[in-house]
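# Structure assessment
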Amino acid sequence: MRFKKSRLIEVKQAKRFKLYKARKLWLVAGVTACSILGGAPLTIQQVHADKLTAVVASKSASSVKVGTATSTASQVSSTQTSTATSVASQTSSAKASTATSAASQASSVQSSTATSAASQASGVKASTATSAASQASSVQSSTATSAASQVSGVKTSTATSAASQASSVQPSTVTSAASQASSTQTSKVARVVSQAQKVIKLASSITIKNVRSTVATTDVWTIGDATRPRVDVVDVSSYQSAMTQADYNKLKVAGVKTVIIKATEGTTYTNQAAVNQASMANAAGLNVDFYHYATFNNSTAAQAEAENMASFLTNKNVSTRVLLFADMEDATTYSVNATANLNAFWDILNSSGYTNHGVYTSNTYLYRDAVIKTVGQSRVWRAQYPYTPSKNNLWNTADGAWQFSSTALLPSGADYTGFIDVSIDYNGLTEDSAGTATFTDNNHKIINQYREIGNKFYYYGSDGQLITGLRHYSNGKLEYYGVDHVQYRNRYATVNNQLYYFGSNGDAITGLRYYGNGSGKVYWHNY
């Protein structure tokens, strides 16, 4: 089955902690290095069809919405209309504030001027500015980090820092410098720059490693594991077409009783491996059921898909006792008329003689209860996967069967080494079928008989095969079957340059035929 969709995600984000000003220059320098290189792990849990997936991602601390600017020297906060003066002062006047920075001044506000003695980086989207005294780490919407500065995203604030002040807005301009200092504080600036250079040297010697995400799915185990729920059923499709007779024999020895095989999907698809898979399962002593993967969302489409399945069943001489499942999992089948649509599907199969039905679905299917109504809960085969299935924790025991894992392996020594879906049968639902007599033998073939499938008529000849072309029968009567084996009714056909008209009962007419408003008539010769 294909339950791999619509996932609910819970996210727990690790908290970020702001660094506040420190009095010791060496401590601040160390913290700056951490702010450049640090990353916070993010743990994500995913849940789908009761599969628990843990994903660990690495999130760099360099990309934050509103950052904290930390410098190697100090951080000076200024209020409105205040003047902040640091070790190396350069006064820049804005509307009502004055910001002074010892090592650099980076301001990206309206009508501001940023000057750098070493470099000036004008950044657009995804830019990285690197200067002699700064190293910038870039992410999607650019984060600039320098040895003497950590970029902080503030729209119109003025922050003053002894080593740097960086403000990033959308068309960000990140200016970092070794220093712009006033002559009165040259010696102090020199010490600050010297310390910043040491931090840069330390940072350049460290390699930043990204943490790979690790994904955990439902656990993998082997059929026969006594700690797991009992495996009564496996289901296969063309994906398991590589399974051999020895593999089916191993399933029988392991206690498996039934194999449910995908037969059809939509209106045209047929699993070409289905007959061989069923034959091998029967040969191993296993019961066989079939399922149709539904995609319909209205009654007309449902009938067309049922005809596809009925055609497979009749053409392959599948016993009418075989249990048939409608696989209701695809989102294309979501409809407020889900009950009526599925009943229309069953009606076509009923008319073909296949009246043994069940529904496959899951708790995540939007119209689960609506489709269950068509057969009743005791005939439901439900998919729901715990992370570690256990024999001591059985789910959905009121259903007919529970598919509890899609990551089981065949017993040791099997030829097929891929995953296989497994289920437990609670009430004998999946065994209510034809057993190992999935196909009728030569003594029970449909011979010289009509079969109606979805208001279409077919005829099986003396060899048990559907016929095509003209068929003469019973006192000179004539009928015609097209290349699709469907009997012509109420339509013309030209055969061997002779035009015929076949009436409502499928017989070619003779004599006069009135049509339209009664004025039209055609004379048909006897044949």
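Residues numbered from 1 in each chain as written. Predicted model: local features only at pLDDT ≥ 70, side-chain atom pairs only at ≥ 80, totals over all residues. Heavy atoms only, no water.

Regarding its fold elements, the protein presents seven helices and 29 strands. Counting only residues that meet the buried cut, the protein has 47% of its 527 residues in that class. Sequence separation of at least 24 residues holds for 63% of the intrachain contacts in the protein that already meet a minimum separation of 6. Element-wise, carbon and sulfur atoms account for 50% of the exposed surface of the protein, whose accessible area totals about 26,200 Å². (Helix = DSSP H or I, 4+ residues; strand = E, 2+ residues; numbered from the N terminus. Buried < 20%, exposed > 50% of the residue type's maximum accessible area, 1.4 Å probe, protein only. Contact = heavy atoms within 4.5 Å. Areas by Shrake-Rupley, 256 points an atom, 1.4 Å probe, with all protein chains shown as cover.)

Time to look at unusual backbone geometry. Within the chain, Ser 474 stands out as a residue other than glycine whose phi angle is a positive 40°. Phi is positive for Asn 475, close to 60°, though the residue is something other than glycine. Along the polypeptide, Asn 475 turns up in the loop between strand E24 (469-473) and strand E25 (477-481).

So, on to helix H4 (residues 274-283). All of the buried residues in H4 are Ala 274, Gln 277, Ala 278, Met 280, Ala 281 and Asn 282. For H4, the elements touching its buried residues are strand E13 (233-236), helix H3 (245-253), strand E14 (258-265), strand E16 (287-293) and helix H5 (299-315). Positive phi appears at Gly 285, one or two residues downstream of H4, with a value of about 90°.

The biggest cluster of nonpolar side chains holds 62 residues, and the ones touching the most others in it are Tyr 248, Phe 290, Phe 345 and Leu 349. Top contributing element to this core by residue count: helix H6 (residues 338-351), with seven residues. Not counting chain neighbours up to four residues away, the residues in contact with Leu 349 comprise Ala 306, Met 309, Ala 310, Leu 313, Leu 324, Tyr 354 and His 357. In this structure, Val 233, Tyr 360, Trp 381 and Ala 383 belong to the second largest nonpolar core, which totals 11 residues. (Core = buried A, V, L, I, M, F, W, Y, C linked by side-chain atoms within 4.5 Å.)

Another point: the pattern of salt bridges. In the structure shown here, the tally under the stated rule is nine salt bridges. Across the salt bridge formed by Arg 230 and Asp 232, the nearest N and O atoms sit 2.8 Å from each other. (Salt bridge = Lys/Arg side-chain N within 4 Å of Asp/Glu carboxyl O.)

A separate point is H6. Taking 1.5 Å of rise per residue, 14 residues should cover 20 Å, and H6 covers 20 Å from first to last C-alpha, within 8% of that figure. Buried residues belonging to H6 abut E16, H5, strand E17 (324-327), strand E18 (357-362), helix H7 (368-372) and strand E22 (449-453). The first or second residue beyond H6 is Gly 353, which carries a positive phi of 95°. (Expected span 1.5 Å × (residues − 1).)

Our next topic: the confidence of the model for the protein. Averaged over every residue, the pLDDT of the protein is 71; the share at 70 or more is 56%. A low-confidence stretch, residues 4-24 (pLDDT under 50), is modelled with 39 contacts involving residues beyond four sequence positions or located in other chains. Counting contacts from residues 38-184, a segment whose pLDDT is below 50, to residues more than four positions away or on other chains yields 336 contacts. (pLDDT = per-residue confidence, 0-100.)

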